[in-house]
Amino acid sequence: MLEVRDLSKSFGGLKAVSEVSLTVGQGEFVGVIGPNGAGKTTLMNLITGYMRPTSGDVLFEGRSIVGLPPYRISHRGVGRTFQVVRPFAEMSVEDNVMTGALFSGARTNSLKVARKAAELPMELTGLTAKRHVAAGALTLGEKKKLELARALATNPRLLLLDEVMGGVTRGEVGELMEVLRRIHSAGVTIIMIEHLVEVIMELSQRVMVLNFGQKLFEGTPDAVVEHPAVIESYLGKPLEADAA
Ligand SMILES: Nc1ncnc2c1ncn2[C@@H]1O[C@H](COP(=O)(O)OP(=O)(O)O)[C@@H](O)[C@H]1O
Ligand SMILES: [Mg+2]
């Protein structure tokens, strides 16, 4: 489904992403971990068109998507969430979810079609009962659910998640994990960046570890936690309370 080939991104002298390759099959749930500054968000920005790679290629369903603007990559079926959520605070939950359908995936300018497209995402994320609540009044965990629902309204076959759990309460982490299981069960392929290692280990079938822009290791969750270099570079150190 997704093939990342020798992808690199330099900012001046800094190689934020360095020759990273990754293949993701349809229906997989892949986790990406690594310390702050490892290049996780940059990798996601490269895949979704928010940044152009210095070199390398990204193929989605067999076709290169490098150089396409984000909205066209979204039309192709690649959705994403942002590490820092910025819902339209004055707008209702439902209207926020509808923006996903209006501006990205469904390619519609019909409010009726967009309203319908918002139904399933709200249901999957457990937000249906809050549909008329202003987004600004939601808890952080609910805002993260809203971010997921908005991304789902673009109707993605592949969904990239950037630190969905960042800053939310313990209880909300459990709820969000349930939501992610539901989304995955509904047939959406998922690549999840997450600093909560235990969440990645529980949800992912395969984990990629990034360090200083490079792929340090890739394998099953069990293999990752036993890998000496991973333990030394990441797991052995105290985890950051919240990633920037
Ligand atoms: N737009 C940018 N301009 C310059 N440097 C950047 C930019 N975005 C990220 N970086 C740098 O690239 C490195 C990787 O950042 P990032 O991808 O955000 O890491 P992560 O998401 O793993 O914490 C960091 O050193 C960061 O400072
Ligand atoms: Mg990041």
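Described below are features of the structure shown in this document. Bear in mind the structure is a predicted one, so any value in this text is a computation, not a measurement.

Rules used in this analysis
Residues numbered from 1 in each chain as written. Chains lettered and ligands numbered in written order. Predicted model: local features only at pLDDT ≥ 70, side-chain atom pairs only at ≥ 80, totals over all residues. Heavy atoms only, no water. Donors = N, O, S within 2.8 Å, 3.2 Å for Na, K, Ca; no water. Helix = DSSP H or I, 4+ residues; strand = E, 2+ residues; numbered from the N terminus. Buried < 20%, exposed > 50% of the residue type's maximum accessible area, 1.4 Å probe, protein only. Contact = heavy atoms within 4.5 Å. Pairing = 2+ DSSP bridges. Axes fitted to C-alpha atoms, helices over the stretch in contact; angles between N-to-C directions. Near = heavy atom within 4 Å. Polar contact = N/O pair within 3.5 Å; in protein donor to acceptor, adjacent residues only side chain to side chain. Right-handed = clockwise from strand over helix to strand, strands pointing away. Salt bridge = Lys/Arg side-chain N within 4 Å of Asp/Glu carboxyl O.

Bound to the magnesium ion (ligand 2) are the protein donor atoms T41 (OG1) and Q83 (OE1), situated 2.0 to 2.5 Å from the metal. A residue pair is termed long-range when its members are at least 10 positions apart, and T41 in helix α1 (residues 40–47) and Q83 in the loop between β6 (78–80) and α3 (93–103) qualify at 42 residues.

The α-helix advances 3.6 residues per turn, and as a result positions three or four apart in sequence lie on the same side. Counting buried positions along α3 yields 8 of 11 residues, so the element is predominantly enclosed. Residues of α3 that are buried: V93, E94, N96, V97, M98, T99, G100 and A101. Among the structural elements, α4 (111–117), α5 (119–125) and α6 (140–152) are those in contact with the buried residues of α3.

Attention now goes to the sheet that holds strand β4 (residues 55–60). Spatially, 4 strands are ordered β2-β1-β4-β5 in an open sheet, and the strand pairing comes out antiparallel. Edge positions in the sheet fall to β2 (14–24) and β5 (63–64), since each of these pairs with one other strand and no more. Here strand β1 (residues 2–11) pairs with β4 via 5 bridges, running antiparallel. Looking across to β4, one finds that L2 is bridged to F60. Across the sheet, α1 is in contact with β1, β2 and β4; its angle to β1 comes to roughly 120°.

Our next topic: the site of ligand 1. In the neighbourhood of ligand 1, the contacting residues comprise F11, L14, A16, P35, N36, G37, A38, G39, K40, T41, T42 and M51. Here an oxygen atom of ligand 1 sits 3.2 Å away from a polar atom, N or O, in the main chain of A38. Within the backbone of G39, one N or O atom sits 3.0 Å away from an oxygen atom of ligand 1. Mapped onto the shell around ligand 1, the elements with two or more residues apiece are β2 and α1. Of the residues forming the shell around ligand 1, the biggest block, 3 residues, is contributed by α1.

Right, let's talk about the pairing of strand β8 (residues 189–193) for a bit. Of all 5 residues in β8, 5 are buried; the element is thus mostly enclosed. In β8, alternate side chains face the same way, and those of T189, I191 and I193 on one face and I190 and M192 on the other are all buried. Pairing geometry for strand β3 (residues 29–33) and β8, over 4 bridges, is parallel. Counted as the bridge partner of F29 is I190 from β8. Sheet topology note: the strand β7 (residues 158–162)/β8 ladder contains 5 bridges and is parallel. By the bridge assignment, L160 is partnered in β8 with I191. The β-α-β motif built from β7, the intervening helix α7 (residues 170–185) and the parallel element β8 has right-handed crossover chirality.

This part is about the pattern of salt bridges. Pairing between side chains becomes possible if they bear opposite charge and their charged atoms approach one another. In the structure shown here, the tally under the stated rule is 15 salt bridges. Two residues, E28 and R206, come together in a salt bridge whose shortest N-O distance is 2.8 Å. Of this pair, E28 sits in the loop between β2 and β3 while R206 sits in strand β9 (residues 206–211), and the two are 178 residues apart along the sequence. E28 sits in the buried class, given a relative accessible area of 17%. Accessibility expressed as a relative area gives 16% for R206, which makes it buried. Here R131 and E94 are joined by a salt bridge, their closest N and O atoms 2.8 Å apart. With R131 in the loop between α5 and α6 and E94 in helix α3, the pair connects residues that are 37 residues apart, well separated along the chain.

Here we have 6 strands laid out as an open sheet, ordered β6-β7-β8-β3-β9-β10, and mixed in their pairing. Looking at which strands have only one partner, the edges of the open sheet turn out to be β6 and β10 (214–219). Direction aside, the axes of adjacent strands within the sheet are offset by 20° on average. The sheet contacts of α1 involve β3, β6, β7, β8 and β9, and relative to β7 the element is tilted by about 150°. Across the face of the sheet, α6 comes into contact with β6 and β7 while running at roughly 155° to β7.

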